[in-house]
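Listed here are the chains, written in short residue letters.
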Amino acid sequence: MTNHGTGGDGARAGRTWSLTKHARDNLTAYTFLAPFLIIFLVFLVYPVVYSLYLAMHQVPADSFDVFGGLRFVGFANFMKLFTDVKFWWSVAMTLYYAALIIPAGIAASLILALLLNNRLKAVAIYRSAFFLPYVLDMLVVGIVWTLIYSPHVGILVRIFESVGISAFTEKGFLGMPGSAMPSVVFANVLKGAGFGMILYLSAIQNISPSLYEAAAIDGATSWQRFTRITLPLVKPITFFMVIIGTIAALNAFVEVYAMTSGGPNVDVGGRALGATWVTGYYVFDAFYNQWRLGYASAMSYILLALTVIVSLVNRKFLGADNT
Amino acid sequence: MAVEKTSTWRTIALYVGLTLAAVVVLFPFFWMVVTAFKQPGTAFSPEIFPSAPTLDNFKRVLGDFGFGRYFVNSVIVATTAAAFATLFASLAGYVFAKKQFFMRDRLFGFLLLSLMIPGMMYVVPQFAIITKLGWMNTYKAMIIPHLANVFGLFLMRQYMMTIPSELIEAAEIDGASERQVFTTVMVPLSIPIIATLFLLTFQFHWNNFLWQLIVTNVERLYTVPVGLAMFKSAHEELYTLKMAGSCISILPIAVLFFFAQRYFIEGMTMGAVKE
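Residues numbered from 1 in each chain as written. Chains lettered and ligands numbered in written order. Predicted model: local features only at pLDDT ≥ 70, side-chain atom pairs only at ≥ 80, totals over all residues.

Draft legend 1. Representation of the interface of chain B and chain A. Opposite the 86 residues of chain B that make contact, chain A presents 81 residues. Elements represented by at least two residues in the side of chain B that touches chain A include exactly α1 (8-36), α3 (67-98), α5 (120-133), α8 (165-173), α10 (191-207), α11 (209-215), α12 (224-234) and α13 (239-274) of chain B. The leading source of residues in the side of chain B that touches chain A is α13 of chain B, at 16 residues. Taken together, the residues that form the side of chain B that touches chain A break down as 61 nonpolar, 16 polar and 9 charged. (Contact = placed C-beta atoms within 7 Å. Helix = DSSP H or I, 4+ residues; strand = E, 2+ residues; numbered from the N terminus. Nonpolar A, V, L, I, M, F, W, Y, C, P; charged D, E, K, R; others polar.)

Written as structure tokens, this is what we have:
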């Protein structure tokens with residue numbers, strides 16, 4: 001590649017045959033875009049529209065022709081959702097999941113980042129070790145945790161027994177309504193903390209050392225330096241963590257599938273409801289186990305609506321924060 | 001908190017803290033590996049290192065239970081999908097970074113908007129499309145629907161925007177065609193991001209369990225995670241085998257991470273830092 005001046009030649013040349021070049025540019029651009037756009041339209045845009053169509057239909061249970069026997073039911077699926085206790089319960093469980101995983105995820109990420117933010121020789125190795133689980137498969141992680149959380153003979157039950165706690169022995173951590181959700185969240189936090197850790201670490205390392213020096217001169221303790229300097233200055237990351245935590249809760253599925261299948265059941269006013277029955281799992285269950293495609297589609301539209309609301313709230317707060 | 005004077009005690013305390021954290025974070029994987037080497041039926045023995053380690057679990061899982069076949073399927077699906085997703089994203093990223101065209105910015109905004117859509121939303125309608133196309137139980141059903149990676153396109157565009165346009169103009173003046181500009185200028189200069197995106201999409205497809213579960217119901221097409229899930233429900237009690245299957249499932253990604261962690265970490269956190 002030879003260097004032809006400063007680009008002025010190219011600009012002038014462009015102007016002289018601008019019309020044809022304009023048309024040609026469009027043609028080239030869309031040729032390059034075509035493979036991506038075709039897949040995008042067919043498999044990412046059309047499904048969102050088609051999902052709404054499905055949400056307004058019902059698949060007869062005895063239909064052999066999967067999508068030929070669709071019966072139009074209008075908004076019936078949505079109406080049914082609004083009176084479905086299991087659905088509202090799943091929304092509550094999703095919020096509960098979010099309420100656990102967001103603070104726990106932020107705390108774990110921050111602790112790891114603070115530990116790494118020191119000039120130590122082996123820091124890079126620890127950083128890799130903490131990040132590794134994030135790239136590994138959630139399904140596998142979930143299956144391994146079912147072994148660790150097992151009743152009677154599971155390793156964690158044994159560890160708890162050795163310090164005199166036998167409350168989990170009989171049913172295991174995932175078998176008890178009270179501990180099931182926190183256990184799922186704990187497994188997930190350990191897997192995901194490396195991601196937040198990297199974000200916090202780079203934010204902390206961007207803080208000017210002079211701020212800490214000035215605070216030290218003023219006699220601030222290290223805890224004060226953390227709460228008055230570090231925390232406020234990493235707030236954008238914390239905010240981001242809240243958003244992705246919420247989105248993760250709205251999408252939570254694989255961890256529940258792998259560990260609890262939505263259970264164990266809790267008796268709520270005479271109804272058996274799952275202690276980890278999050279909405280993402282209900283969508284899967286309605287589709288895969290019950291073959292209620294219209295109902296599952298309607299539910300996924302509610303998920304979309306919730307996601308949009310979260311994003312709008314986020315934008316409002318972020319906008320107010322940064323400008 | 002940059003550390004000016006690190007005392008010995010402080011250093012020791014930090015190493016203890018870091019090591020404890022590493023033990024907790026990595027414990028599940030350690031336990032998985034240990035259990036996979038235990039004698040069948042002794043998955044729950046509390047010994048930290050098996051007294052009589054065995055490779056039986058791996059042999060049985062790979063042979064009797066078809067994980068060898070699942071592994072080949074996973075490699076086929078993840079490699080093909082990663083290659084095409086990376087190619088499509090780099091083609092599209094190039095024009096978004098370097099070309100002016102009709103509706104460019106609106107289109108880009110629209111593409112980014114799709115990142116907001118919850119993944120669970122796609123499951124039913126995508127399944128419906130695959131059924132209608134008659135693609136059930138095919139590799140293409142596992143691969144094609146996820147070839148438009150918007151996050152990957154975003155990464156590509158951001159990276160390619162930093163490549164000086166003068167280089168493209170120079171090549172054009174030298175008579176290079178559009179295709180040549182892409183293959184001889186853009187691709188060689190974008191190798192780091194291409195490698196990153198290939199690894200990220202490979203990892204995504206390797207782990208993309210739900211979709212592969214939905215579009216396959218014949219064993220010969222199972223990928224490792226699907227095989228593992230089916231094994232899990234069929235043989236709830238065979239934990240040593242399940243752990244051997246789990247090891248096989250995460251090994252390729254762990255190895256890739258070992259050799260290319262910089263790409264993984266930068267690629268995965270790049271979008272977030274740009275926020």
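Moving on from the model shown.
Draft legend 2. Inspection of the domain arrangement of chain A at higher detail. Taken domain by domain, chain A consists of domain 1 (8-49) and domain 2 (76-322). Distance from the C-alpha centre of domain 1 of chain A to the C-alpha centre of domain 2 of chain A: 41 Å. (Domains from an automatic or database assignment.)

Draft legend 3. Structural context of the nonpolar core. Formed by 175 residues in total, the largest nonpolar core has its most connected members in Val-283 and Met-299 of chain A together with Ala-92 of chain B. Formed jointly, this core draws a minimum of three residues from each of two domains, domain 1 (8-49) and domain 2 (76-322) of chain A. Not counting chain neighbours up to four residues away, the residues in contact with Ala-92 of chain B comprise Phe-32, Leu-33 and Phe-36 of chain A together with Leu-153 of chain B. (Core = buried A, V, L, I, M, F, W, Y, C linked by C-beta atoms within 7 Å. Buried ≥ 20, exposed ≤ 12 C-beta atoms within 10 Å, placed from the backbone.)

Draft legend 4. Fine view of the packing of helix α8 (residues 177-205) of chain A against helix α11 (residues 235-251) of chain A. Residue and element names in this part refer to chain A. Where α8 contacts α11, the two axes come as close as 9 Å, and the packing angle between them is 165°. What the angle tells us is that α8 and α11 run roughly antiparallel. For the element pair α8 and α11, the recorded crossing hand is right-handed. Taking contact as the criterion, the partners of Gly-196, Leu-199, Tyr-200 and Ala-203 in α8 are, on α11, Ile-237, Phe-240 and Met-241. Its residues assigned to classes, the contact of α8 with α11 comprises 6 nonpolar, 1 polar and no charged. (Axes fitted to C-alpha atoms, helices over the stretch in contact; angles between N-to-C directions. Parallel < 35°, antiparallel > 145°, perpendicular 65-115°, else oblique. Left-handed = near helix turned anticlockwise from the far one by under 90°.)

Draft legend 5. The arrangement of the pairing of strand β4 (residues 271-274) of chain A in detail. Residue and element names in this part refer to chain A. Taken together, the 4 bridges between strand β3 (residues 265-268) and β4 define a ladder with antiparallel strand orientation. The partner of Asp-267 across the bridge, within β4, is Ala-272. Hairpin connection between β3 and β4: a loop of 2 residues separates the two successive antiparallel strands, and Gly-269 in this loop has a positive phi of roughly 55°. (Pairing = 2+ DSSP bridges.)

Draft legend 6. Representation of α11 of chain A within the structure. Between the first and last C-alpha of α11 of chain A there are 24 Å, a value that for 17 residues agrees with the 24 Å anticipated at 1.5 Å per step. Ile-237, Met-241, Gly-245, Thr-246, Ile-247, Ala-249 and Leu-250 of chain A are the residues of α11 of chain A that are buried. (Expected span 1.5 Å × (residues − 1).)

Draft legend 7. Quick peek at the confidence of the model for chain A. Averaged over all residues, the pLDDT of chain A is 85; the fraction at 70 or higher stands at 90%. Contacts from residues 1-16 of chain A, a stretch scored under 50 in pLDDT, to residues over four places away or in other chains number 17 contacts. (pLDDT = per-residue confidence, 0-100.)

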